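Geometric and topological summary
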There are 2 protein chains.
Amino acid sequence: MAAFVPRPVPVALIGLGGVGKAVLSQLLSPPLNARFNLILIANSRQSISLPLPNGTLTPSNYLPILEQHGTPLDISSILSLLASHADAPGIFIDSTGSDIIPSIYPQILGMGINIVTPNKKATSSALSLYQDIQSKTYPNAPTLFYGESTVGAGLPILSTLKDLVETGDEIEKIEGVFSGTLSYIFNEYSRVEGGDVKFSEVVKIAKDKGYTEPDPRDDLSGTDVARKLTILSRLVPTAPALPEGYASVPTQSLVPDVLSNASTKEEYLERLAEGDEYFSKIRDEAKQEGKVVRYVGVIDLKAGKVECKLGKYPTDHAFATALKGSDNIISFTTKRYSPRPLIIQGAGAGADVTAMGVTSDLIKIHERLTTRP
Amino acid sequence: MAAFVPRPVPVALIGLGGVGKAVLSQLLSPPLNARFNLILIANSRQSISLPLPNGTLTPSNYLPILEQHGTPLDISSILSLLASHADAPGIFIDSTGSDIIPSIYPQILGMGINIVTPNKKATSSALSLYQDIQSKTYPNAPTLFYGESTVGAGLPILSTLKDLVETGDEIEKIEGVFSGTLSYIFNEYSRVEGGDVKFSEVVKIAKDKGYTEPDPRDDLSGTDVARKLTILSRLVPTAPALPEGYASVPTQSLVPDVLSNASTKEEYLERLAEGDEYFSKIRDEAKQEGKVVRYVGVIDLKAGKVECKLGKYPTDHAFATALKGSDNIISFTTKRYSPRPLIIQGAGAGADVTAMGVTSDLIKIHERLTTRP
């Protein structure tokens, strides 16, 4: 029998920020460089077709090459290239933060092109877009759409939830700390062993360490957590419908009333200490109950609730004791995993681990596309 | 466009013990009953082809039907049936505890038949058999072999390790409590809050609750943990080769010297208290260091070691605080997940959760086989 050599699957990678670069680096390393045929890379302005006419693409030379030889980004021609490739169907990797590209995912899938993305927009926005995507993917169509890294980065959160649901388990509750930034802030602010550090100080340290967005309010609004909860909820048949996606999730903002009128990031950061009283009251209350404070996302199927909020947890709870640094922790309580839940914990953000979520999705599609009789 | 209806994949299920029955029940429930075409079920003596000439197979009627209408088990004809089915390739589920069937896995895979199994024997025994299987499966051949439930039952342990390795992460250490039985015994015996319960008493309670094998020495030998470590090690390219599989893993037995001459299960159980001094010494030593005792499997890539042993863990370590009941907990320390590891925790044994591992493997193969252009 001749040796089996799975055909290289054509891939186009759009978006070369931190995650995109890390994906590129993983795809250019053996053994993956033999399994995937990277036919195009692009950032938000320019794209370049591969292989290069002379020379090799490496994780360190792509940027000057793109700048010098790239042509203006044109999504339609990228899609035509993927769809008409001799080894089609291929995979479109959307590693941008774009709102626009997700809106054409149904069209892309309709062309028979598989999609892998760390972009949360498509699956956490309007239900209509989500349903459009679902109708064009497995098991409703032969095309695949994977976004493992949209929740928990490289942690196997979505795949585990899918496995639970598809094998007939009944989800009772999903509860977790889904934001690395908010994990860090509350692990430092509300410790099992106590302490009286000010909230404003912890936020400033988190910002200086690069753990927060440039405007920390983007993290403190809870929106990112609401998007992740939306993505998870939609995998649970008995969860509320969330017609407007993350906007339908009741989400507690951590920008206190007294600071809500700060008009600029600079003003907000300057006045940050004005919110300290608000947070210290919450921490003191929890302490009196023998608890710590964490910002959590909760999908409670019995109560029919999806919400993002500050929660109080006993000092011997996993969210109090097990959580360190900027780790995510997610617990699934189900008919089978009850009363003790299935728990997954680890770094839930960062370029390398997010890229791992993307690349493992790519490998799954490769395996699916190449194991054909 | 006509609606896409993925073809039902033909499946034969051999082995109808606790796990096999739970797999059968999951496969007979919607939506999976539409995705799989169960063409044969068998226990160790008899098999019956499906669909039934009159009537429907249900999780409650299969046993009398098999007894009354079954024909003697004949693996060769089952394989012919699978390989020649109009919708081939199909899937062979080995839910037996057999040593023999795994020895013909390479032959089965060579026929183009995919295999899913909770049977640890194939991948934890001789390296030659393992390599034979590897050479006949993806990415070396188009056929698939999955055994997610062989480690941690329904917990996503193997798939996570595969994702880490295949996306280019470097594994530094894998450490965990891999046996539900030994988890229960040591969680009860060596508590963070202390206590002076006798080891023999805990073993007896575990046996009465049905947590141990009929002969508790089968759990206390550590062999089951050594098999799981072998399976994990073989997914890590830099791990020791373990030519004889689990037999090559240094494994601390928990049957103390003083009891090693017990010739029968009955004698062993009767004399169990003779070992109490041995274990209480170990617990006391740990306590003096502020630690608890756990039976763990460790793959330490830096030290080049794979071993099963009693380990001592500080009272604030996850293995001391997070572990309850008969949960498994597995931590992966890698280049990316370092210094804080990726941790997965939950029930790692039981028919339903083990069947979940089997069924989710089946779904992955279904997705692979039916997403063809």
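Thresholds applied
- Residues numbered from 1 in each chain as written.
- Chains lettered and ligands numbered in written order.
- Predicted model: local features only at pLDDT ≥ 70, side-chain atom pairs only at ≥ 80, totals over all residues.
- Heavy atoms only, no water.
- UniProt positions renumbered as here; feature names shortened; annotations may be inferred.
- Helix = DSSP H or I, 4+ residues; strand = E, 2+ residues; numbered from the N terminus.
- Contact = heavy atoms within 4.5 Å.
- Buried area = accessible area lost by both parts, 1.4 Å probe.
- Salt bridge = Lys/Arg side-chain N within 4 Å of Asp/Glu carboxyl O.
- Polar contact = N/O pair within 3.5 Å; in protein donor to acceptor, adjacent residues only side chain to side chain.
- Buried < 20%, exposed > 50% of the residue type's maximum accessible area, 1.4 Å probe, protein only.
- Arc of directions from axis to C-beta.
- Axes fitted to C-alpha atoms, helices over the stretch in contact; angles between N-to-C directions.
- Parallel < 35°, antiparallel > 145°, perpendicular 65-115°, else oblique.
- Nonpolar A, V, L, I, M, F, W, Y, C, P; charged D, E, K, R; others polar.

Naming follows an unreviewed UniProt entry, where chain A appears as Homoserine dehydrogenase of Kwoniella dejecticola CBS 10117. Listed in UniProt under the heading Catalytic activity (unreviewed entry), the comment for chain A reads: "L-homoserine + NADP(+) = L-aspartate 4-semialdehyde + NADPH + H(+)". Turning to chain A, the UniProt annotation filed under Sequence similarities (unreviewed entry) states: "Belongs to the homoserine dehydrogenase family."

1. Some words on the UniProt feature "binding site: L-homoserine" (unreviewed entry) in chain A
Residue and element names in this part refer to chain A. Summarizing the sequence annotation, UniProt attributes the feature "binding site: L-homoserine" (unreviewed entry) to E213 in the numbering used throughout. In this structure, E213 sits in the loop between α11 (199-208) and α12 (217-220). Look past the residues within four positions of E213 in its chain and what remains in contact with it is D218 and D219.

2. A look at the interface of chain B and chain A
Taken together, the contact between chain B and chain A spans 51 residues of the former and 51 residues of the latter. Carbon and sulfur atoms make up 58% of the surface buried where chain B meets chain A, a total of about 4,600 Å² over both sides. Interface area lost by chain B to chain A is led by Y138, R340 and R368 of chain B, which between them contribute 15%. The interface formed by chain B and chain A holds 6 salt bridges in total. Between R368 of chain A and E367 of chain B there is a salt bridge, and its shortest N-O distance comes to 2.9 Å. At the boundary of chain B and chain A, one finds 16 residue pairs in polar contact (both at pLDDT 80 or more). Sort the elements by how many residues they give to the side of chain B that touches chain A and helix α17 (residues 351-370) of chain B lands first, with 12 residues.

3. Observations concerning helix α3 (residues 62-69) of chain B
Residues spaced three or four apart along an α-helix face the same direction, because each turn holds 3.6 residues. Residue and element names in this part refer to chain B. Among all positions of α3, only Y62, I65 and L66 are buried. Buried residues along α3 cover an arc of 100° about the axis, so they all sit on one side. Among the structural elements, α1 (18-27), β2 (36-42) and β3 (46-49) are those in contact with the buried residues of α3.

4. Some points on the packing of helix α17 (residues 351-370) of chain A against helix α9 (residues 157-166) of chain B
Two elements in contact, α17 of chain A and α9 of chain B, have axes whose closest approach is 9 Å; the angle formed by their N-to-C orientations is 105°. Considered as vectors, α17 of chain A and α9 of chain B are oriented roughly perpendicular to each other. Where α17 of chain A approaches α9 of chain B, its residues M356, S360, I363 and K364 of chain A are matched on the opposing element by D163, L164 and E166 of chain B. For the contact of α17 of chain A with α9 of chain B, the class distribution of residues is 3 nonpolar, 1 polar and 3 charged.

5. Re unusual backbone geometry
Of note, the bond from Y138 of chain A into P139 of chain A is cis; its omega dihedral lies within 30 degrees of zero at 0°. Tracing the backbone shows P139 of chain A in the loop between α8 (127-135) and β7 (145-146). For L242 of chain A, which is not glycine, the phi dihedral falls at a positive 50°. Here L242 of chain A shows up in the loop between α13 (223-233) and α14 (265-270). Given a relative accessible area of 6%, L242 of chain A falls into the buried group. One non-glycine residue, A153 of chain B, lies in the positive phi region at around 50°.

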